Number of protein chains: 4
Amino acid sequence: MMTGAQYKASLKDGRRVYFRGERVTDVVTHPTFAHQVEAAAAGYDRDYRSGADAVSSYMKAPRSIDELRDQATASVDLLTSISTTSTMTLLTAADRIQKRRPQGSEAIRDYVRELQRKDLRIVECITDAKGDRSLPPAKQPDPDAYLRVVERRSDGVVIRGAKLHIAVAPIAHELMVIPTKAMKPDERDYAIACGVALDTPGVKVINVGSTPAGLDLRDYPFTHDEFISHGFVIFDDVFVPNERVFLDGETEHAATFAHSLGLWIRAQGLAGMADEADMRAGFAQLIAEANGLDKVVHIKEKIAEMVIHATLLRSTLEASLARAQNLSDGTVIPDELYTNVGKYLGAAELPLMNRHLLDIAGGSALTAPSTRDLENPETGQLLKKYMVGKAGLGGDYRLKLFHAIRDLTASTTGSYKNLATLLGGGGLYAQRVVTRGRYDMERAKRLALRAAGLADQPV
Amino acid sequence: MMTGAQYKASLKDGRRVYFRGERVTDVVTHPTFAHQVEAAAAGYDRDYRSGADAVSSYMKAPRSIDELRDQATASVDLLTSISTTSTMTLLTAADRIQKRRPQGSEAIRDYVRELQRKDLRIVECITDAKGDRSLPPAKQPDPDAYLRVVERRSDGVVIRGAKLHIAVAPIAHELMVIPTKAMKPDERDYAIACGVALDTPGVKVINVGSTPAGLDLRDYPFTHDEFISHGFVIFDDVFVPNERVFLDGETEHAATFAHSLGLWIRAQGLAGMADEADMRAGFAQLIAEANGLDKVVHIKEKIAEMVIHATLLRSTLEASLARAQNLSDGTVIPDELYTNVGKYLGAAELPLMNRHLLDIAGGSALTAPSTRDLENPETGQLLKKYMVGKAGLGGDYRLKLFHAIRDLTASTTGSYKNLATLLGGGGLYAQRVVTRGRYDMERAKRLALRAAGLADQPV
Amino acid sequence: MMTGAQYKASLKDGRRVYFRGERVTDVVTHPTFAHQVEAAAAGYDRDYRSGADAVSSYMKAPRSIDELRDQATASVDLLTSISTTSTMTLLTAADRIQKRRPQGSEAIRDYVRELQRKDLRIVECITDAKGDRSLPPAKQPDPDAYLRVVERRSDGVVIRGAKLHIAVAPIAHELMVIPTKAMKPDERDYAIACGVALDTPGVKVINVGSTPAGLDLRDYPFTHDEFISHGFVIFDDVFVPNERVFLDGETEHAATFAHSLGLWIRAQGLAGMADEADMRAGFAQLIAEANGLDKVVHIKEKIAEMVIHATLLRSTLEASLARAQNLSDGTVIPDELYTNVGKYLGAAELPLMNRHLLDIAGGSALTAPSTRDLENPETGQLLKKYMVGKAGLGGDYRLKLFHAIRDLTASTTGSYKNLATLLGGGGLYAQRVVTRGRYDMERAKRLALRAAGLADQPV
Amino acid sequence: MMTGAQYKASLKDGRRVYFRGERVTDVVTHPTFAHQVEAAAAGYDRDYRSGADAVSSYMKAPRSIDELRDQATASVDLLTSISTTSTMTLLTAADRIQKRRPQGSEAIRDYVRELQRKDLRIVECITDAKGDRSLPPAKQPDPDAYLRVVERRSDGVVIRGAKLHIAVAPIAHELMVIPTKAMKPDERDYAIACGVALDTPGVKVINVGSTPAGLDLRDYPFTHDEFISHGFVIFDDVFVPNERVFLDGETEHAATFAHSLGLWIRAQGLAGMADEADMRAGFAQLIAEANGLDKVVHIKEKIAEMVIHATLLRSTLEASLARAQNLSDGTVIPDELYTNVGKYLGAAELPLMNRHLLDIAGGSALTAPSTRDLENPETGQLLKKYMVGKAGLGGDYRLKLFHAIRDLTASTTGSYKNLATLLGGGGLYAQRVVTRGRYDMERAKRLALRAAGLADQPV
């Protein structure tokens, strides 16, 4: 396994990362990425065990509901979390494509062993540029709108295309490239899944999003810890050797990887969403108390709605674990219907929950002055005096709550987090489609037919 | 145990039941009650086992999560279901008042053994008339607005008051009379819980609701099976002997019975709500198919919302069982937070779910002609011809779906069912209060404080 | 003009009306229809003026915003209201088809003059049986799923089909038969609009819905005044003479009548919806006061939501009148976008408004005993005693409020009214389609382009 | 009147403005304020007319519905808009306090004439620090939690306290200081309203919010034009001469100014909200088209919901103008009920509308690269290639749409705008209270009583 220092050193490999129109020569020291690198390095150090056989517990498949719960609720840095998701996705897909493309399954398992042995981090690359979305890949004016194989050689393939919305791409080692959706028989070149190292020639990562310059991060606790940038990853004729090609042309399995990813991304995400909903309720209660408004009925009503939401979200997590299933290789996976509905609920209601929190906090969530103004002798004492709410809680305590609430709901970071919740794993419509697909509609119809006195009808 | 016939005979005991201004001399044959009596009698027959020691499984406390699940998901007639709820309520309360009023606990246990031995059915009587609800019991212009003890004798007490919304009261044997809410120290006379037989002098049941005369019940499948009437039960100076008095004056325990009832009423209700939500989704799918509209996107979207709702509801049931707790006597009870949130969700969203179902079904849910019109030679063939939707499904099949949907959502019965879902166990506000009370807000606040950089603050 | 008595006499014309499997020989005296006939007769008497030239003001087109407002807000019986809608629809369509089928326009105007002169009532017949709704009319297994011309003669046409959901059909004189939607060029036989008298051979009206027998109508104020039944009208090879044929085969105008109807049906309906929303808010306030709960914050919050809803609804009415437009013949019509959005809002939110009202009223909305129980000497005084809420308001006053709320929200009548609101003029999806169609999206796009710095782009 | 250059010069008056812990010596050139100053200066130049008697049209009261509409829908810079609101507030209050404090009315009118003559800009200062909000002003541990008079002299008063959330305070000339709410008789010192110049000794403005450093404003069109900072304004023992004191101790009129402000702030805001709702619908349509998704039903449904929302909002504006009222001095004011309901709707639904817009746009609203990346020769052509959506619309066009949508919904600026919409003029609860207060509940109750057969009851 690697230490944090070794991880940092490993990032100096010539990767082509861009930010605001310029090449980033060193992600480890660049102001936009340094923070994320540090968080990932700390994760390495925390998880580190010596020994040649040591394997990170976040890179292994759970074998019981308890292990599944532990992995799902572990508090890790984002890069590690995405690596877990990607690795589980690969292992699940290996199981599913075994029959149709055994050499692909073998390649995956070798690749995962390599990741484990070298203790590498890997991020998923799924969403294509897509061009005109009313047209399928093979009908696009620009055939590269979906990533595809442009050349097949004896020793590998050359791929071209772009993958979007790739979180923490510039600080990972590997890219798991998989098709974004099902493909038709005439779309063979688009049925490509493979592993690509970040420093492979032709790979360019254009990055978006950064902690805004000039902010005093003491006033932005989430920005401090959780800000993430997203990569627009371009594969400009990238060669992939055969041993890293997992799928190539088997269109009937184009969606297998996406489905596996969907399952694991939700398993990873749901526990975090539930905790965050609790935290949001906690903020609402704390600021109501600090404002002296916690006994006011309409405030209590809004907090009750937040509590109900958080509890519903947690009940989907509990149900997804209580109804977990086994893959053929013994891996335990959460129930897809419940995780999917949980994801839907969390995303759909987030705007309302934020509205409640802000409505309870009031305008100072927006206009609370900065810590530097507290420190300024000309204004500090006056600010402390006027920021006092309920007696006994200092003005600076209340200020910190306002800062955190702003950063959670209304800063660039908060907005990014919210948007990632809304759109991560597909928008609301995608969740509805999956829900319909997983729901036992036959049973529901039988219940209805029986009630209507039509029990003898076929469903 | 009793057979159905014995049960019917047992109802001829001189009870004072009223309906539409007249005394009902025999509930067994009265058109309003006969149906409900038959359903209850069938329940007796189904459950019957011979032997002096035989006890109905619906009158015993669950000892494991599996037993709890079985009891909660059993499909029984309403009278049996309410008897289970009431009996569990009593046993739970016996545990809780043991220390303060040991003779009350003993009285309850004796009483329950009597119910078990004689195989009697018992309904809960909780909601008082309440008078001016801005005033507490002791401040009401009419002191009888809440049921109270008006006289204490050496051998028992005399009670006066009214209890409202008592489902299937006229066909039960016993009334479990309990305080509707917490009482203050000066409201001792209102802290009364006891068991009262239906035929006790002074008990009058004024009944509301009946299957409308003139309806062809073939067109109303829910009305046929599920119609319930509600009793307005008056206790006009009713004597209760000491051995049936469970609480008398211990105001600190006035709410203990109501809380116990709340727990069990939700445990009983949640599985049924989840099934009904599934059934509603099933009806939506069936009628969409019969109309030829099941591939239409906006219809699929509405069905997806119904499916998501049903799944969320079921996840609260799963969570309430996965997180079940033990009483000191070994009785297993469902988690209150999850059951309560499930009840809230089911009640709050029911109007929208019905709106979706009707919006999908279309106007014929309202205007589909009757089975008799189908049988009329002047109109029958024409109706069948014009009621055909998707080819292969007969016009009469579609008619039956419309009839069932109307009866579920828009008939008197449907409206009663909906209203009972909305208001049963208290309105939405009551559910919110309970949710806030059961939620682990301390943990939520800790999560928020930690995130705000205030981990050292007390919650 | 006709008096009420003349109107009643005019209904004895041999019309074929069916109810619950039997032919209705006289609608004037039949228990299901007598009430509606009386209401319509009272309308005739109220409106009556002598003189050969007298024309009902409800059968004339408005020429100013004030006349439009008067007509839209007039409080008339349902038959008159539908007659106004149908007549305005015909006159509007006459204007629109003038160029393509001048003889149709002329036929319409002659027909309307006949209606005015004879003071007849006319109802719209638009919705077809529709069969498998995934298929267009011409592709249906049964070609009669949409009403069509099955024979053309020199003196007229023969039509066959069914029209559904026709309110008060059995007590009108005339049927305005119009296509339910746009038709394709190969669907000429379905592009038929005409006027048909109720007593024409081949017309059969199968009726659904009746005030339930056995109800004491004193307890059901809405059922008493507003119950309506709906006709399933079958045209079993009905001959229509040329002078009553308004459209025949001009498929490009098939939707013209439906669009005209949509406009007027909403103009008629919106003011009533707004008043009903106000009334619902009034009931919520009255019952909260009678319960002694009107100062409770969560109750006030729910009432505020009802008030906001009612005010939004009224603002669409105000906007539709403030932005009224002129037809070429000087008829003033309300703005379609605002009326349509008003209809959508009223329908979509009705279930929630009813939920609020019931949640505020509490369980007695369901279980309040009957007036007959009040009159029964054995129970009357006790009921009055226990139904008292806030001091000074008698128990019988509160009982009447509960009865009215039940009848508005949860009786068969209430359910019918709600469903008619939801589905009348098409379900929610139809409203959305119309809204999109009428909205000035070009302007909205220009606003967005300008804001994005793309003002030079074409919209 | 002043030109833009004169306006800029007028800001160099020694005002004490702070930002991020430092004194701002010149707001005209400071990076945080320069943009806002330029916008205000441009407003001066656009409005400028020469002549000693020239008065800005934004500083005069409307005398007709048309003038009211013009003022409400004028597109002006924020400082001008707030000046209009403040001036109208003062004139309205002058009318209302005339009888109780005639010298206050006179002082206001003189003050407004001074503002008009010197062409000054004025912002409202209403929200106090409030301390523990469960306590009234006179019971606060710190009596300065609400701004108050701490000393009365023969020539004026000395005030102390803080006013929060004061938009564009640092670039205005005058502060309109008014009580935040009604006061009790023992809170005389808090019933103070007056005019204070920005450069008065003791006035300190601590400012929050700035366009984030490092952003390329080409990618942030709203940030470019609309970013606003908010002032925390401290009155640290500020002397106010008698001629600028409008109210002092007349507690019965403490709320008069707040109510007047509420009326005008909504009149000013509603038209802007309606236009912004339209713009949001426009963005949704444009990005759906650019993505090639505008024919997809679930996208069309979401856009329809946005269109319905925008139309409802506009209908409240139309109704507020159609039902405008006259003050005694001839000033025309919009209907308060409709404006208030419009504000409520706009604020309550904004989170959902943003969710729809983002759900339609997809993840690139978050992750679209920057204009600088487009300009970078290493990445520009690749980005343009992969950002192309529907053929014919360039990749840079789509990029600009994504940038604008991000800035509208998810940037710091967007978040500030959203929060200002939600909380401006009080949170949702405040709107509900006002709505209940303005609604004609007596009429609603009469409608209900009549329907219930209780027309003879008093409302």
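What counts and what doesn't
Residues numbered from 1 in each chain as written. Chains lettered and ligands numbered in written order. Predicted model: local features only at pLDDT ≥ 70, side-chain atom pairs only at ≥ 80, totals over all residues. Heavy atoms only, no water. Helix = DSSP H or I, 4+ residues; strand = E, 2+ residues; numbered from the N terminus. Pairing = 2+ DSSP bridges. Axes fitted to C-alpha atoms, helices over the stretch in contact; angles between N-to-C directions. Phe/Tyr/Trp six-rings, centres within 6.5 Å; stacked < 30°, edge-to-face > 60°. Buried < 20%, exposed > 50% of the residue type's maximum accessible area, 1.4 Å probe, protein only. Lys NZ or Arg CZ within 6 Å of the ring centre and 35° of its normal. Contact = heavy atoms within 4.5 Å. Buried area = accessible area lost by both parts, 1.4 Å probe. Salt bridge = Lys/Arg side-chain N within 4 Å of Asp/Glu carboxyl O. Polar contact = N/O pair within 3.5 Å; in protein donor to acceptor, adjacent residues only side chain to side chain. Nonpolar A, V, L, I, M, F, W, Y, C, P; charged D, E, K, R; others polar.

Peer 1: Please explain the environment of Leu-350 of chain A as it appears in this structure.
Peer 2: Along the chain, Leu-350 of chain A falls in helix α9 (residues 336-361). Once the C-alpha coordinates of Leu-350 of chain A and Ala-277 of chain A are considered, the two residues, 73 residues apart in sequence, prove to be 8.6 Å apart.

Peer 1: How do you make sense of the sheet that holds strand β5 (residues 156-167) of chain B when you look at a structure like this?
Peer 2: Each strand in a sheet pairs with its neighbour through backbone hydrogen bonds, running either in the same direction (parallel) or in the opposite one (antiparallel). All names here are of chain B. Taken together, the 6 strands give an open sheet; going across it, the order is β2-β1-β8-β9-β5-β4, and neighbouring strands pair in mixed fashion. The strands lining the two open edges of the sheet, one partner per strand, are β2 (22-24) and β4 (148-153). Neighbour to neighbour, the strand axes of the sheet diverge by 25° on average, direction disregarded. Across 3 bridges, strand β1 (residues 16-19) lies against β2 in antiparallel orientation. The residue of β2 that forms the bridge with Val-17 is Val-24.

Peer 1: When you look at the packing of aromatic side chains in this model, what are you seeing that I'm missing?
Peer 2: The geometry of an aromatic ring pair is captured by the separation of the ring centres together with the interplanar angle, meaning the angle of the planes. All chains considered together, the criterion is met by 16 aromatic pairs over all chains. Between Phe-19 of chain A and Phe-33 of chain A, the aromatic rings sit 6.1 Å apart at their centres with planes inclined by 75°, giving edge-to-face as the arrangement. Pair noted here: Phe-19 of chain A is in strand β1 (residues 16-19) and Phe-33 of chain A is in the loop between β2 (22-24) and α2 (34-47), with a separation of 14 residues, a long-range link. The exposure class assigned to Phe-19 of chain A is buried, which follows from its relative accessible area of 9%. Exposure remark for Phe-33 of chain A: the relative accessible area of 0% places this residue in the buried category. Seen from their ring centres, Phe-222 of chain A and Phe-283 of chain A are 6.5 Å apart, and the 65° between their planes marks the pair as edge-to-face. One end of the pair, Phe-222 of chain A, is in helix α6 (residues 221-226); the other, Phe-283 of chain A, is in helix α7 (residues 256-291), with 61 residues separating them in the sequence. The class for Phe-222 of chain A is buried, based on a relative accessible area of 3%. Since its relative accessible area comes to 0%, Phe-283 of chain A is described here as buried. The aromatic ring of Tyr-44 of chain B is capped on one face by Arg-121 of chain B, whose charged end is 4.0 Å from the ring centroid.

Peer 1: Any chance you could explain the pairing of β5 of chain B here in plain terms?
Peer 2: Here is the key point about a regular strand: its side chains alternate between the two faces of the sheet. The buried count for β5 of chain B comes to 10 of 12 residues, which makes it a mostly enclosed element. Counting the residues between successive antiparallel strands, the hairpin from β4 of chain B to β5 of chain B contains 2 residues.

Peer 1: Which parts of the structure should I look at to understand the interface of chain D and chain A?
Peer 2: Taken together, the contact between chain D and chain A spans 76 residues of the former and 76 residues of the latter. When chain D packs against chain A, close to 6,600 Å² is buried across both sides, 62% of that on carbon and sulfur atoms. For the chain D face of the interface with chain A, the top three residues by lost area are Arg-20, Leu-366 and Tyr-386 of chain D, together amounting to 12%. Taken together, the connections running from chain D to chain A amount to 4 salt bridges. Linking Lys-385 of chain A and Asp-142 of chain D is a salt bridge whose minimum nitrogen-to-oxygen distance equals 3.0 Å. Linking chain D with chain A are 32 residue pairs in polar contact (both at pLDDT 80 or more), by the criterion used here. Looking at the side of chain D that touches chain A element by element, the count peaks at 7 residues for helix α14 (residues 412-423) of chain D. The residue makeup of the side of chain D that touches chain A, split by class, is 35 nonpolar, 23 polar and 18 charged.

Peer 1: Is there a simple way to explain the side chain of Thr-256 of chain C in this structure?
Peer 2: Residue and element names in this part refer to chain C. If you trace the backbone, Thr-256 turns up in helix α7 (residues 256-291). The buried category is assigned to Thr-256, whose relative accessible area is 10%. Polar side-chain contacts of Thr-256 include one of 2.7 Å to the side chain of His-253. Contact partners of Thr-256, with chain neighbours within four places excluded, come to Ala-93, Arg-96 and Ile-97.

Peer 1: Explain the pattern of salt bridges here, please?
Peer 2: Opposite charge on two side chains makes pairing possible when the charged atoms of those side chains draw close. On inspection of all chains with the given rule, the structure shows 144 salt bridges over all chains. Arg-152 of chain C serves as the salt-bridge partner of Asp-248 of chain C, at 2.9 Å between the closest nitrogen and oxygen. Note that Asp-248 of chain C is positioned in strand β10 (residues 245-248) and Arg-152 of chain C in strand β4 (residues 148-153), a separation of 96 residues in sequence. Residue Arg-152 of chain C is classed as partly exposed on the basis of its relative accessible area, which comes to 40%. Among the salt bridges present, the one from Asp-294 of chain C reaches Lys-295 of chain C, with a minimum N-O distance of 3.7 Å. For Asp-294 of chain C, a relative accessible area of 17% puts it in the buried group. The structure contains a network of salt bridges with shared partners spanning Asp-142, Asp-144, Arg-148, Arg-160 and Asp-237 of chain A together with Lys-385 of chain D.

Peer 1: Looking at this structure, I do not really get the sheet that holds β10 of chain C. What am I missing?
Peer 2: All names here are of chain C. Strand order in the open sheet made by the 4 strands is β3-β6-β7-β10, with mixed pairing throughout. The outermost strands of the open sheet, each flanked by one partner alone, are β3 (122-125) and β10. For this sheet the average axis-to-axis angle between neighbouring strands, irrespective of direction, equals 20°. As paired strands, strand β7 (residues 192-197) and β10 are joined by 3 bridges and run antiparallel to one another. Following the sheet pairing, Ile-192 is matched in β10 by Asp-248. Along the sheet face, helix α4 (residues 78-97) touches β3, β6 (174-177) and β10 and points at about 65° away from the line of β3.

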